[in-house]
Amino acid sequence: MATGSDVIERPAVPAGGPPATPERRWLVPLLLFVGWLLSVAWRMWLSRHIALPIAHTDEDSYLNTARALVGGPGGFSSENDLLRRVGYPMLISPAFLGHHDFTDSYRLVQLINAMVNSTLLPLAYLLGRRVLRLPRASALLAAVVAATLPATAFYAGVAMIDTVMAPLVVAWLLAVHRWIERPGPLAAATVGLLVGAFHLLHSRALVIVAVHAGLVLLLFVRRRIDPVAVLAALLPVLALALVNEAGIRFLGDKVYLLGSTPGGGTVAAVASAQGVVRVGAAVTTQLWYLVVITFGMAGIAWAAAVKELWRPRHGDATRWTMGVALVVSVGVASGASVILAGITGKPLDAIYGRYVQMLAPFWLLVGLGVLLTEERRVVLRRAAVAVGLLVAGGALVAVRLAYVASRGHSLRYGGFGAPDLMALTNGWREMRPVLGSLIGIGACLLLVAAVRVPRLRLPVLGVLVVANLLTMQVIDQRLVRPMAASTAPTPWVADVGVRPGERVWASTGVHYILRFNLSHQVTWTDVRWFREQPPAAAQVVFARWAPGQPDDWDGAKYGFVRLGGNERQHWAAWRRA
C-alpha cells in the first residue's frame, strides 16, 4: 500500500501516448530484446582486437580462478585473504569447460560479459518508467544512453568484474524502491539476494552491505517492516557470504594469493591531517569525475536527491532510494580512496574511477529524469548546482595536481583509471581537469536548453547515444588496440613448438605482462616461476632473450635448446634437450 503522502504528493505520470492496446503490448519488450541483442553484438565487436588479457593482474587472477573452479589447473591471484571473492570467476567459469584454446575460452568470457553487461538496457528502462516516471519513448532512449555509457561498456571486453557491477547497481536500487513501495518478505529477500551478489563479487560491496544493514535497521525501528522481513532481507546476504567461503575452500591451494592484506598502511593513510586532506582530495576527484562523464547529469541528480531527502515530493520509495544511492556513492568513493592510499608500494593515482563507475548509469538516468519531468525553474536550480560542482571540483583537482608536481612528485595516470575521461579530454598522457570541467559544463547547459523544447527532447537523447558510441570508438583506437598489440607475445606458444602435456615454467626475467600472456596459452598446467635455474621437473621454460645484455638467459648451460621466441619482446621458449 502506498502511504498517504505518496498518493497526495506524487505527480501524475507523464503521458507516454495512448494506453497500449493488446496488439501493442509486445512492442516495448520486443524493442528491449532487439536492443539487448544489438548491445551484445556491439560489445563483442568492440572486443574483437582483444585476444589476450590487457588488464593485468586483475584479469589474470579471475581467469586463473575460473579455470580452477571447473577442474582445470590453478594459478596465482593478486587478491588477499581478507578481500578475496569468487563470484565473478564462478560466472565466467563455463568458458573453461572442455578442451579449448585459451583464445576460444577468452572469447566465451567476453560473450558472457557482453550478455550480462547488456542487461543494463532493460533495467535502465524499468528504472525510467517505475522510479523516474518517464514516458515510454523517453525511457527507452534514456536507457540506450545509459547502456552505451563508456564507463559501463568499456569493461565488457576484458575479464573484469566491473562488467557486472553497473547492471547490478540499477537492479538493486530498483528492488529497494519496490521494497519500500510495497513491503513484504519477497521484496525484502530480493534486495537481500542482490546485496549478497555484490558481496560475492567484490570487496567494494562491504559498503553496500553496511548500507543495507543500516536500511534494514531503520525500516524495522520505524516499524515499516516486521521481523520476518528483517530475516528475509539479511539471510540471503549471509547465504552468499557462505557461498564465497565455500568456493575458497573448494579451491584450496590450487590458486595461490600474491596480494598483501591491508594493515597499518591503511590506518596511517588517514591518521594525520595531511592524510585526511589527501584522501578527501581523492574522493572529490572521483565524484567530480562522475559529474563530467555523465555530462553534468550526476550533479543535477545529486541536487535533486538531496532536495528529495529534505523535502520529499515524489513519495517515500523515491526518497529512501535516493538516500541509499547517495550514501553508497560517497561511501564507495571514500572506501576506495582510503584503501588505495594505504597501498604504499606504488605511487598514488591521479584518478582511479573504476570503483565509482558502476554508479554512473544510475545517476545519469536520474539526472535525465529531472530534465525531462521537472519544471523550468527547478531544472535551472539543479543545473546551477551541477555547474558549481564542476567548477569547484575541476579547480580542486587542478590545484591537487599542481601541488604534487611542485613537490617533485607525480601521481599515477593509467588507461584503466578513467578511459572515458581520457577520450573526452584527449588527455592520454596527462589529466586535464579544467578541460574536463568545461566539457561537463558545456554539455550540461546544452542539455538543459535542448530539453526545454519538447520536439528536441528525443533527438537530444539520440545525440547522447552518438556521443557515447564515438567516445567508445576513440577509446578503442587510442587505448584498447595499442594495449592489445603491446601486451600480446608473438609468435604464439603453439607456433614455437610447445606441446600439450609438457611441464612449463617461466622466468621472472620475462616482463610480467608477456609472462602472464604466455602462461595463459598453456592451458593444461599451472605455469610457475623461477629466477635463474629452472627446477628439474621443467620440460619447457620461457626466459629472457636479450643478446648482449647481462640478463640474457643462456639455457644451453642448463641443458635446454631454444625453440624460438621474439628477440624484440625479449622472450624465448626453451625445451630440455
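My aim in this report is to walk through the structure given alongside it, one point at a time.

Rules used throughout
Residues numbered from 1 in each chain as written. Predicted model: local features only at pLDDT ≥ 70, side-chain atom pairs only at ≥ 80, totals over all residues. Heavy atoms only, no water. Helix = DSSP H or I, 4+ residues; strand = E, 2+ residues; numbered from the N terminus. Expected span 1.5 Å × (residues − 1). Buried < 20%, exposed > 50% of the residue type's maximum accessible area, 1.4 Å probe, protein only. Arc of directions from axis to C-beta. Contact = heavy atoms within 4.5 Å. Salt bridge = Lys/Arg side-chain N within 4 Å of Asp/Glu carboxyl O. Pairing = 2+ DSSP bridges. Axes fitted to C-alpha atoms, helices over the stretch in contact; angles between N-to-C directions. Parallel < 35°, antiparallel > 145°, perpendicular 65-115°, else oblique. Left-handed = near helix turned anticlockwise from the far one by under 90°.

1. Describing helix α11 (residues 205–221)
No. 1: For α11, built from 17 residues, the straight-helix expectation of 24 Å at 1.5 Å per residue is met to within 8% by its first-to-last C-alpha distance of 24 Å.
No. 2: When we look at burial in α11, the residues that qualify are A205, I208, V211, H212, L215, V216 and L219. The buried residues of α11 all sit within an arc of 140° when viewed along its axis, so they share a single face. In α11, the exposed positions angled more than 90 degrees off the buried face are occupied by L217 and V221.
No. 3: Structurally, α11 contributes buried residues whose contacts are with α9 (162–181), α10 (185–201), α12 (227–251) and α16 (316–341).
No. 4: Two residues or fewer past α11, R223 is found with a positive phi of approximately 60°.

2. Things to note about the pattern of salt bridges
No. 1: Applying the stated criterion across every chain, the model contains 14 salt bridges.
No. 2: Two residues, R354 and D162, come together in a salt bridge whose shortest N-O distance is 2.7 Å. Of this pair, R354 sits in the loop between α16 and α17 (360–373) while D162 is found in helix α9, placing the two residues 192 residues apart along the sequence.
No. 3: Its relative accessible area of 2% is what places R354 among the buried residues.
No. 4: A relative accessible area of 6% places D162 in the buried class.
No. 5: A single network of salt bridges, built from pairs that share partners, joins D58, D162, R204 and R354.

3. Section: the sheet that holds strand β4 (residues 528–530)
No. 1: In space, the five strands of this open sheet follow the order β4-β3-β5-β7-β6, with mixed pairing throughout. Each having just a single partner strand, β4 and β6 (560–566) make up the two edges of the open sheet. Strand-to-strand twist across the sheet, computed as the mean angle between neighbouring axes with direction ignored, equals 30°.
No. 2: Of the pairings in the sheet, the one linking strand β3 (residues 504–507) to β4 comprises three bridges and is parallel in character.

4. What about the pairing of β6?
No. 1: Pairing geometry for β6 and strand β7 (residues 571–576), over six bridges, is antiparallel. Residue G564 lies in a different strand from β7, and its bridge partner there is A573.
No. 2: Linking β6 back to β7 in an antiparallel pair, the connection comprises four residues, with H570 at a positive phi of about 65°.

5. A few points about the packing of helix α14 (residues 273–293) against α16
The angle between the axes and the distance between the axes are what describe a pair of packed helices.
No. 1: Contact pair α14 / α16: the axes reach a minimum separation of 9 Å and the direction vectors enclose 130°. Between α14 and α16, the interaxial angle falls into the category oblique. Of the two elements, α14 crosses α16, and the hand of that crossing is right-handed. For the pair α14 and α16, contact is made by V279, A282, V283, Q286 and L287 and by S329, A333, S334, A336, S337, V338 and A341, respectively.

Coordinates in, geometry out; function isn't part of it.
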